[in-house]
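Spelled out from the first residue to the last, the chains are:
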Amino acid sequence: MAYSSFNLLKILDCKKSTPLTYLLHQTDYFLSSLLSSLHQTVDLRLVKTFQELFHCLLENRNSTKSLLLTELGTLLAGSTHGKAGVKRIGNLIRSKNWSTDLIADFFRNRSLDRIKMMEEKNIRPLLIWDGSVLEKHESTHLEGLSAVISSKAKRLTRIKPGYYNSPVKGFINVPGFKVEGVVLTALNERASLFEFNIYSRVGVFKEWLSNFIWNGFKTIRNQSKKAVLHVFDRGYANCTLLEFAQEFDQQFLVRWIGNRFLIDEKGKRLTYNITKGMKNKSFKFTYDKERNKYARRLISWKKVQHPEMGDQMYTLIVVREYKRTGPPIYMLTNLDIDTKKTAWEMLFSYMKRWEVEEMFRCCKAEIGLQSIRVQGWGNRLKLFYIALLIYEFLMEIIQKRRHYVERLINIYTPIFGSKKSKSPFYRLRKAFSVILNQWKSCCEIMFRFNPIFKG
């Protein structure tokens, strides 16, 4: 009988409390409901492959090769049986007996349970919506590729001091995929994945962004009436969002654009004309996480209407920096803002939007979603969703086992010098990777010289 590295870990695992036993117990608890649902449709061998693949993804930290089947196959079955490992992974993702809806429902059900718990504690849940792209610069034959604006090219062509290059006019389009991510969070709460949709702009796999908003509002309407607040950036500031929110009776907060028309007591005017002369009703020193600084902000609000939404009333919130050092922030919501506390809560809720940006950064830089090279669309989505389980697992460990995580990363991934990391996501994954590598090395040595493990 041949043993994979993961099976050897379980065989050689002792009853003492070690970081390895902690890791194995936490992964078993995290994947228990998902594996039981998967076992109802596929063979037990594929279920074991799914579980072992999860550990291989947790171990492989090379962002340029994280999702390569050859790398994962070597980690799964060992260096001498890499082809067999690739075949096992291929059989898993090519199986037609399960689809990505299984993992998508897993994310959604966990989030809905968190929403119910927040309602019991009188905490307002926040669903942060945002979009991004997965760039495949040199790919041409992958299914579902479409033109996306490259942020990497924009960053590389930016003029640096002392290094002048002629600036590139306009955007640079490269092959890639569109992504729509939704994160569930709350004030003073961690972020968890609610939805992660990958779609194309052209061809057979073309999808519209409005469909995702429609389905998300419909799902929340069936589970919770008015407890959830949907937070959007300025790219969603259009009449479609307002129509969907009114139809499904959902609360929203969207960053508005100053050159859009609204209606106040003086009639139909541009937003920035409406806010001229508005008296500030409160001020507060707030911390800007993106720019890492404190700023004194002034806030005011006013009742307005939208020209295409009839008599529906909205609240326009205006946030300015002291001495007008920057442009104002316009926010539109269908909530009734009547106190300073509620107005500041809306601003802090919008500032939580940075967590969805951190989610995209972790998925691209640490998990390596852009390194995938599977040609088929359905097979690629399955590997995408399995990799997203890593993000959800690590975020849950960070929230529930904060003290243990701090001790673990200080032992296995120490930081030298005065620099301190406030976000232990990267260090925690590196610590788990070090633990798995160390114990796998011990397992391979014992397997090589101990005849008990040879079949």
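All figures in this text were calculated on a predicted structure; none of them were measured in a lab.

Within the protein chain, the regular secondary structure consists of 15 helices and twelve strands. Surface accessibility of the protein chain: about 23800 Å² in total, with carbon and sulfur atoms responsible for 52%.

Attention now moves to the packing of helix 2 (residues 19-39) against helix 6 (residues 101-120). Each pair of packed helices can be summarised by the angle the axes make with each other and by the distance between the axes. Packing of helix 2 against helix 6 leaves a shortest axis separation of 11 Å and a crossing angle of 140 degrees. With respect to helix 6, the element helix 2 is oriented oblique. Helix 2 and helix 6 meet at a crossing whose hand is right-handed. Mapping the contact onto sequence places Phe30, Ser33, Leu34, Ser37 and Leu38 in helix 2 and Leu102, Ile103, Phe106 and Arg110 in helix 6.

A grouping of Lys152, Lys154, Arg155, Arg158 and Lys160 is seen on the molecular surface, where their side chains present a positively charged patch. Along the chain, Arg155 turns up in helix 7 (residues 151-156). We classify Arg155 as partly exposed; its relative accessible area is 44%.

This part takes up the nonpolar core. By size, the foremost hydrophobic cluster in this structure holds 91 residues, and its most contacted members are Phe50, Leu369 and Leu389. When residues of this core are assigned to their parent elements, the largest contribution, 16 residues, is made by helix 13 (residues 377-400). Every residue in contact with Phe50, bar those within four places of it in the chain, is listed here: Leu34, Leu35, Leu38, Leu92, Trp98, Ile103, Ile386 and Leu389.

With that settled, the discussion passes to the packing of aromatic side chains. Tallied over the entire structure, the rule returns 22 aromatic pairs. Here the aromatic rings of Phe393 and Phe432 are separated by 6.3 Å at their centres, their planes lie at 35 degrees, and the arrangement is tilted. Residue Phe393 is found in helix 13, and its partner Phe432 is found in helix 15 (residues 425-449); the two are separated by 39 residues along the sequence. No difference in accessibility class separates Phe393 from Phe432, as the two residues are buried. Residue placement shows Arg296 over the ring face of Phe283; its charged tip is 4.3 Å from the ring centre. Above the plane of the ring of Tyr322 lies Arg296, whose end atom (NZ or CZ) is 4.4 Å from the centre.

The next subject is the pattern of salt bridges. Here the structure, examined in full by the defined rule, presents 19 salt bridges. Of the charged contacts, one joins Asp233 and Arg353 as a salt bridge, the two residues approaching to 3.8 Å between their closest N and O atoms. Of the two residues, Asp233 sits in the loop between strand 5 (229-232) and helix 9 (239-248) while Arg353 sits in the loop between helix 11 (340-351) and helix 12 (354-366), which places them 120 residues apart along the sequence. Each member of the salt-bridge network shares a partner with another, and the members are Arg110, Glu392, Glu396 and Lys400.

With that out of the way, let us pick up the side chain of Lys382. Take Lys382: it is sitting in helix 13. One buried charged residue, Lys382, remains without a salt bridge, the closest side chain of opposite sign being Asp101 at 10 Å. In terms of polar contacts, Lys382 uses its side chain to reach the backbone carbonyl oxygen of Ser95, at 2.4 Å.

An ideal rise of 1.5 Å per residue puts 30 Å on 21 residues; helix 2 measures up with 28 Å between its terminal C-alpha atoms. The sharpest bend along helix 2 measures roughly 50 degrees and falls at Ser32. Turning to helix 2, its buried residues are Leu20, Thr21, Tyr22, Leu23, Leu24, Gln26, Thr27, Phe30, Leu31, Leu34, Leu35 and Leu38.

With that settled, consider the side chain of Ser349. Relative to the elements of secondary structure, Ser349 occurs in helix 11. Here Glu345 takes part through its backbone oxygen, which lies 2.7 Å from a polar atom of the side chain of Ser349. Excluding residues within four positions of it along the chain, Ser349 makes contact with Leu126, Ile128, Leu187, Leu229, Val231 and Leu253.

Residue Asn122 is not a glycine yet carries a positive backbone phi of 60 degrees. Here Asn122 shows up in the loop between helix 6 and strand 1 (126-135). One non-glycine residue, Asp249, lies in positive phi territory at about 55 degrees. Take Asp249: it is sitting in the loop between helix 9 and strand 6 (251-256). Of the residues examined, Asp249 reaches a relative accessible area of 44% and is grouped as partly exposed.

A separate point is the environment of Ile198. Relative to the elements of secondary structure, Ile198 occurs in strand 4 (residues 192-199). Between the alpha carbons of Ile198 and Leu134 there is a distance of 8.8 Å; along the sequence they are 64 residues apart. Discounting residues that sit within four places of it in the chain, Ile198 has contacts with Leu134, Phe177, Lys178, Val179, Trp377, Leu381 and Phe384.

Closest axis-to-axis distance for the helix 3 (residues 44-59)/helix 4 (residues 69-77) pair is 9 Å, and the angle between their directions is 110 degrees. Between helix 3 and helix 4, the angle is such that the two are roughly perpendicular. Helix 3 and helix 4 meet at a crossing whose hand is right-handed. Taking contact as the criterion, the partners of Thr49, Glu52, Leu53, Cys56, Leu57 and Glu59 in helix 3 are, on helix 4, Leu72, Leu75 and Leu76. When the residues that make up the contact of helix 3 with helix 4 are grouped by side-chain class, the tally is six nonpolar, one polar and two charged.

Here strand 2 (residues 146-149) shows one buried face, formed by Ser146 and Val148, and one open face, formed by Ala147 and Ile149. The pairing of strand 2 with strand 3 (residues 173-185) spans four bridges and is antiparallel. Considered in strand 3, the bridge of Val148 is made with Val174.

With 24 residues, helix 13 ought to run about 34 Å at 1.5 Å a step, and its terminal C-alpha atoms sit 35 Å apart, in line with that. The buried fraction of helix 13 is high, at 20 of 24 residues.

Procedures and definitions
Residues numbered from 1 in each chain as written. Predicted model: local features only at pLDDT ≥ 70, side-chain atom pairs only at ≥ 80, totals over all residues. Heavy atoms only, no water. Helix = DSSP H or I, 4+ residues; strand = E, 2+ residues; numbered from the N terminus. Areas by Shrake-Rupley, 256 points an atom, 1.4 Å probe, with all protein chains shown as cover. Axes fitted to C-alpha atoms, helices over the stretch in contact; angles between N-to-C directions. Parallel < 35°, antiparallel > 145°, perpendicular 65-115°, else oblique. Left-handed = near helix turned anticlockwise from the far one by under 90°. Contact = heavy atoms within 4.5 Å. Patch = residues over 30% accessible without salt bridge, like charges linked within 9 Å, V, L, I, M, F, W, Y side chains within 5 Å. Salt bridge = Lys/Arg side-chain N within 4 Å of Asp/Glu carboxyl O. Lys, Arg positive; Asp, Glu negative; His and termini not counted. Charge placed at Lys NZ, Arg CZ, Asp CG, Glu CD. Buried < 20%, exposed > 50% of the residue type's maximum accessible area, 1.4 Å probe, protein only. Core = buried A, V, L, I, M, F, W, Y, C linked by side-chain atoms within 4.5 Å. Phe/Tyr/Trp six-rings, centres within 6.5 Å; stacked < 30°, edge-to-face > 60°. Lys NZ or Arg CZ within 6 Å of the ring centre and 35° of its normal. Polar contact = N/O pair within 3.5 Å; in protein donor to acceptor, adjacent residues only side chain to side chain. Expected span 1.5 Å × (residues − 1). Bend = angle between axes of the 7 residues up to and from the residue. Nonpolar A, V, L, I, M, F, W, Y, C, P; charged D, E, K, R; others polar. Pairing = 2+ DSSP bridges.

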